[in-house]
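Analysis of the macromolecular model
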Amino acid sequence: MARPITFLSDYGYADEFAGVCRAVIARIAPEVQVIDITHGLPRHAVRQGAIVLANAVPFAPAGIHLAIVDPGVGTERRPVAVRVAEDERLLVGPDNGVLALATERLGGAVEAVDLSASPFRLEPVTSTFHGRELFSPVAARLAAGAAPGEAGEAIDPASLTALELPRPRLYEDRVVAHVVYVDGFGNTALNLGHNDLAATFLRLGHRAVVDTGRTRITVPFGRAFGDVGPGQGILYEDSSRSLALAVNRDSAAEMLGLKPDDEVVLTPA
Amino acid sequence: MARPITFLSDYGYADEFAGVCRAVIARIAPEVQVIDITHGLPRHAVRQGAIVLANAVPFAPAGIHLAIVDPGVGTERRPVAVRVAEDERLLVGPDNGVLALATERLGGAVEAVDLSASPFRLEPVTSTFHGRELFSPVAARLAAGAAPGEAGEAIDPASLTALELPRPRLYEDRVVAHVVYVDGFGNTALNLGHNDLAATFLRLGHRAVVDTGRTRITVPFGRAFGDVGPGQGILYEDSSRSLALAVNRDSAAEMLGLKPDDEVVLTPA
Amino acid sequence: MARPITFLSDYGYADEFAGVCRAVIARIAPEVQVIDITHGLPRHAVRQGAIVLANAVPFAPAGIHLAIVDPGVGTERRPVAVRVAEDERLLVGPDNGVLALATERLGGAVEAVDLSASPFRLEPVTSTFHGRELFSPVAARLAAGAAPGEAGEAIDPASLTALELPRPRLYEDRVVAHVVYVDGFGNTALNLGHNDLAATFLRLGHRAVVDTGRTRITVPFGRAFGDVGPGQGILYEDSSRSLALAVNRDSAAEMLGLKPDDEVVLTPA
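Residues numbered from 1 in each chain as written. Chains lettered and ligands numbered in written order. Predicted model: local features only at pLDDT ≥ 70, side-chain atom pairs only at ≥ 80, totals over all residues. Heavy atoms only, no water.

1. Quick look at the sheet that holds strand S6 (residues 109-114) of chain A
All names here are of chain A. In space, the 7 strands of this open sheet follow the order S2-S1-S3-S5-S4-S6-S7, with mixed pairing throughout. Edge positions in the open sheet fall to strand S2 (34-38) and strand S7 (153-155), since each of these has one partner strand only. The sheet shows a mean angle of 25 degrees between the axes of neighbouring strands, direction not considered. Pairing between strand S1 (residues 5-9) and strand S3 (residues 64-68): 5 bridges, direction parallel. Looking at S3, one finds that isoleucine 5 is bridged to isoleucine 64. In the packing of helix H1 (residues 17-28) onto the sheet, contacts are made with S1, S2 and S3, and the angle to S1 comes to roughly 160 degrees. (Pairing = 2+ DSSP bridges. Helix = DSSP H or I, 4+ residues; strand = E, 2+ residues; numbered from the N terminus. Axes fitted to C-alpha atoms, helices over the stretch in contact; angles between N-to-C directions. Contact = heavy atoms within 4.5 Å.)

2. Things to note about the sheet that holds strand S3 (residues 64-68) of chain B
Residue and element names in this part refer to chain B. If you trace the 7 strands from one edge of the open sheet to the other, you get S2-S1-S3-S5-S4-S6-S7, paired in mixed fashion. Here the strands that pair on one side only, and so sit at the sheet edges, are strand S2 (34-38) and strand S7 (153-155). Each neighbouring strand pair of the sheet contributes to a mean axis angle of 25 degrees, computed without reference to strand direction. Lying over the sheet, helix H2 (residues 46-56) contacts strand S1 (5-9), S2, S3 and strand S5 (90-94), oriented at roughly 155 degrees with respect to S1.

3. Looking at the interface of chain B and chain C
Each partner contributes to the interface: chain B provides 30 residues, whereas chain C provides 30 residues. For the pair chain B and chain C, the summed buried surface comes to about 2,500 Å²; carbon and sulfur atoms form 56% of the total. Considering only the side of chain B, the residues that lose the most area to chain C are Glu16, Arg27 and Arg43 of chain B, jointly responsible for 23% of the buried surface there. Across the contact surface, chain B and chain C share 7 residue pairs in polar contact (both at pLDDT 80 or more). For the side of chain B that touches chain C, the element with the most residues is helix H1 (residues 17-28) of chain B, which contributes 8 residues. Taken together, the residues of the side of chain B that touches chain C break down into 16 nonpolar, 7 polar and 7 charged. (Buried area = accessible area lost by both parts, 1.4 Å probe. Polar contact = N/O pair within 3.5 Å; in protein donor to acceptor, adjacent residues only side chain to side chain. Nonpolar A, V, L, I, M, F, W, Y, C, P; charged D, E, K, R; others polar.)

4. Focus: the environment of threonine 161 of chain C
All names here are of chain C. Along the chain, threonine 161 falls in the loop between strand S7 (153-155) and strand S8 (169-170). In the structure, threonine 161 is positioned 126 residues away from isoleucine 35 in sequence and 26 Å away in space, judged by C-alpha atoms. When sequence neighbours within four positions are dropped, the list of residues in contact with threonine 161 reads Asp95, Asn96, Gly97 and Ala100.

5. Focus: the relation of the copies chain B and chain C
The two copies are related by a screw motion: chain B maps onto chain C through a turn of 120 degrees and a shift of 0.0 Å along the axis, at an RMSD of 0.0 Å. Here the transformation between the copies is reduced to the relation of a three-fold axis. Residue tyrosine 13 of chain B, judged by its C-alpha, is the member of chain B lying nearest the rotation axis, at 4.8 Å. (Least-squares fit on C-alpha atoms with pLDDT ≥ 70 in both.)

6. Looking at the pairing of strand S13 (residues 233-237) of chain B
Residues and elements named next belong to chain B. S13 sits mainly inside the fold: 4 of its 5 residues count as buried. The pairing of S13 with strand S14 (residues 243-247) spans 5 bridges and is classified as antiparallel. Across the sheet, the residue bridging to leucine 235 is leucine 245, located in S14. What sits between S13 and S14 in their antiparallel hairpin is a turn of 5 residues, with arginine 241 showing a positive phi close to 70 degrees. (Buried < 20%, exposed > 50% of the residue type's maximum accessible area, 1.4 Å probe, protein only.)

7. Thoughts on the interface of chain A and chain B
Bring the parts together and some accessible area is lost; that lost area is often taken as the interface size. Chain A puts 29 residues into the contact, and the matching count from chain B is 30 residues. Carbon and sulfur atoms supply 56% of the area that chain A and chain B bury against each other, a total of about 2,600 Å² over both sides. It is Glu16, Arg27 and Arg43 of chain A that lose the most area in chain A upon contact with chain B, and together they represent 23% of the buried surface on that side. Our count for the contact surface shared by chain A and chain B stands at 7 residue pairs in polar contact (both at pLDDT 80 or more). The leading source of residues in the side of chain A that touches chain B is H1 of chain A, at 8 residues.

8. Overview of the side chain of aspartate 238 of chain A
Following the sequence through the fold, aspartate 238 of chain A ends up in the loop between strand S13 (233-237) and strand S14 (243-247). Arginine 132 of chain C is the oppositely charged side chain nearest to the buried, salt-bridge-free aspartate 238 of chain A, at an N-O distance of 7.4 Å. (Lys, Arg positive; Asp, Glu negative; His and termini not counted. Salt bridge = Lys/Arg side-chain N within 4 Å of Asp/Glu carboxyl O.)

9. Quick notes on the relation of the copies chain A and chain B
Placing chain A over chain B gives an RMSD of 0.0 Å and needs a rotation angle of 120 degrees, together with 0.0 Å of translation along the axis. The overlap is low: 3% of the interface residues of chain A also sit at the interface in chain B, so different surfaces are used on the two sides.

10. A look at the packing of aromatic side chains
Summed over all chains, the structure comprises 21 aromatic pairs over all chains. When the ring of phenylalanine 225 of chain C is compared with that of tyrosine 236 of chain C, the centres are 5.2 Å apart and the planes differ by 75 degrees; the resulting orientation is edge-to-face. Taken together, the positions of phenylalanine 225 of chain C in the loop between strand S12 (216-220) and strand S13 (233-237) and tyrosine 236 of chain C in strand S13 put the pair 11 residues apart, joining distant regions of the chain. With respect to burial, phenylalanine 225 of chain C and tyrosine 236 of chain C carry one shared label: buried. Connected via pairs of aromatic rings, a cluster forms that spans Tyr11, Phe17 and Phe129 of chain A together with Phe185 of chain B. Across from the ring centre of tyrosine 171 of chain B, 4.3 Å away, lies the NZ or CZ of arginine 174 of chain B, which sits over that ring. (Phe/Tyr/Trp six-rings, centres within 6.5 Å; stacked < 30°, edge-to-face > 60°. Lys NZ or Arg CZ within 6 Å of the ring centre and 35° of its normal.)

11. Things to note about the packing of H1 of chain A against helix H4 (residues 130-143) of chain A
Residue and element names in this part refer to chain A. At a minimum axis separation of 9 Å, H1 and H4 run at an interaxial angle of 40 degrees. One element, H1, and the other, H4, form an angle in the oblique class. Helix-helix and strand crossings are classified by hand; for H1 and H4 the assignment is right-handed. Contact residues: H1 offers Val20, Cys21, Val24, Ile25 and Ile28, while H4 offers Gly131, Arg132, Ser136, Pro137, Ala140 and Arg141. For the contact of H1 with H4, the residue count by class is 7 nonpolar, 2 polar and 2 charged. (Parallel < 35°, antiparallel > 145°, perpendicular 65-115°, else oblique. Left-handed = near helix turned anticlockwise from the far one by under 90°.)

12. Focus: the environment of glutamine 232 of chain B
Residue and element names in this part refer to chain B. Locating glutamine 232 in the fold gives a position in the loop between strand S12 (216-220) and S13. For glutamine 232, a relative accessible area of 45% translates into the label partly exposed. The spacing of glutamine 232 and aspartate 250 is 18 residues in sequence and 8.4 Å in space, taken between C-alpha atoms. If we skip the residues at most four places from it in the chain, glutamine 232 touches Ala246, Val247 and Asn248.

Given below as structure tokens:
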């Protein structure tokens, strides 16, 4: 009966925050498997958390997806649990957009509850650690078989916070894209998804000039980092099927000074 | 029959030390669940380890609490297992104070054994990695059901190392407190626990001047980080129920140059 | 029937890469235990990964040992599974040397398969994340009981990539050794294993001069870090039974500017 919990947060590894959440879950539902996705997200990086979660869930077993990136903890943002269309999966976290892309990826929300006064919460509920007192116990109880309706008060799924991402612009002779996120290796994902790739290639050919506003480099399109020499740049479809910019055995983000939301202009070389 | 093991250390994440301990436990007691609390404690931070452990255990399932912060590994400090009053829980680690606060929190030690010549140890015992050869195999065997008396030689629980913490001083017109520890976000916990808060508020009112000796800032008392603007300081009761100083979306410790044991003087604003 | 998987990589903790691999395994084989050895290896450190893996496997339960340090992902290097003599253990990873030392430690390879076109792979196979699409699903299926021959195409075990390590030179009056690796505490392991120690001691006596070419320090041989004062150097047999250089409560590597492959000359003090 018990379903697994995947767990993602920006709690970091220096502190016990993620560990205490795991402890809370083990205490309530010892039979439930917890799969740590990562706790190394940049602090308060709601959008990066949303993207990482959306990229991870298709590879995870159907269950509870717990995601805590919560700069507004203790303020009026709602803690929620969301049932999505696919596999009866449940997402648990703050309603600040961190669940939005995974919800969409899993067929959309079909049920949502506000957990603010959840009967599953641990008292006292502090203003700074809802992971421990609210999200983890709720995730544990849902994983053990409770229904979302038992975890909180029903709210309109349409009222859940959406996430606005910058949109690329594809012109005849150039493509204007934005940095979506930078991974720990400095590989830099752009907001050009799988469906934009054909159109992008058509405009740019086999090599492109990447202009960051401060720097311009010319890089080939390739498949693997090793397709170019060490220290050389490459454009490739990354493992989340987005166009990304990497530098073989080095950090593209650092070399080019790129960070999320930065605009880059791609033109044919 | 098997009970879970919570595991906390300063082994860090760069190396395999914590992983090898997990491997040792899985080899001896494959049915035992290991719950990582954190391995990111600052190296050799015995006192911070003690505080984190004491804050974590009340949220963890009853079982074995393994805690390794061990600057004196291989010297004369004793490796111990301690049975506490509450839930027959067992603490395993070096007898250097890292277990002291959790022991107290869990009702005090009722039985203790010296593990130096434990029959559960893995030979050869090195002088640098007792986590692998001593603490993990003992924790695994205890989790699988062995009695403490089988793990080592009985010692007087009263002989266990205590931990001296600085004490705050509450005067009529000011409160002199000390930094107990700084978390990975720079939030700075003071040695003013839940029971000191009423007296502290009485002296200070709704806003306090925090004087570090080098810097003075005026901050309000609040509940959530978001009660103040980004970059603004706040005094609040943290999730371990201590008074703490934070800066919304920034690091209080870095902004004020605070580290453990530093004295801060709080006066009414 | 299911056997555990130990998992080591250079994926780091900032990203979801290791977590997604864990998710893939849990989806395919929910009953399989995954034991994280570490994911904090320096990026692309094939040799350090090989050493850490070889040091860890003797302490791990017999099962599947998944090791992903893969700078050549997506190029012509082969993904492989290797069955070794000892306990029918299986090693899974890229054939770039990362498996070589553990293979040797576990009695040598008795069967090997190329996983490039494994029927267990997840489609589409990207050029950058074989951990997700190839290594993890194969490890999961092998852990759940599949035979290596079902996972890929048989190759000659003798064709597996070996790992060349620098060799020490023991002269009458000095020992020329090399840094093998540096752990997260700055402790610096040399390529003088347990079998070289007697000969090394014979040449050097109880104290040695360590000459890095840039710095010379005189240090005693000892057993525990605490055998010398804080900030003092010590030569000792480390937990993997190699001669290592440490500085009590500090980083030997940093103080002496040492990194892997650096030569050090040891002479009697």
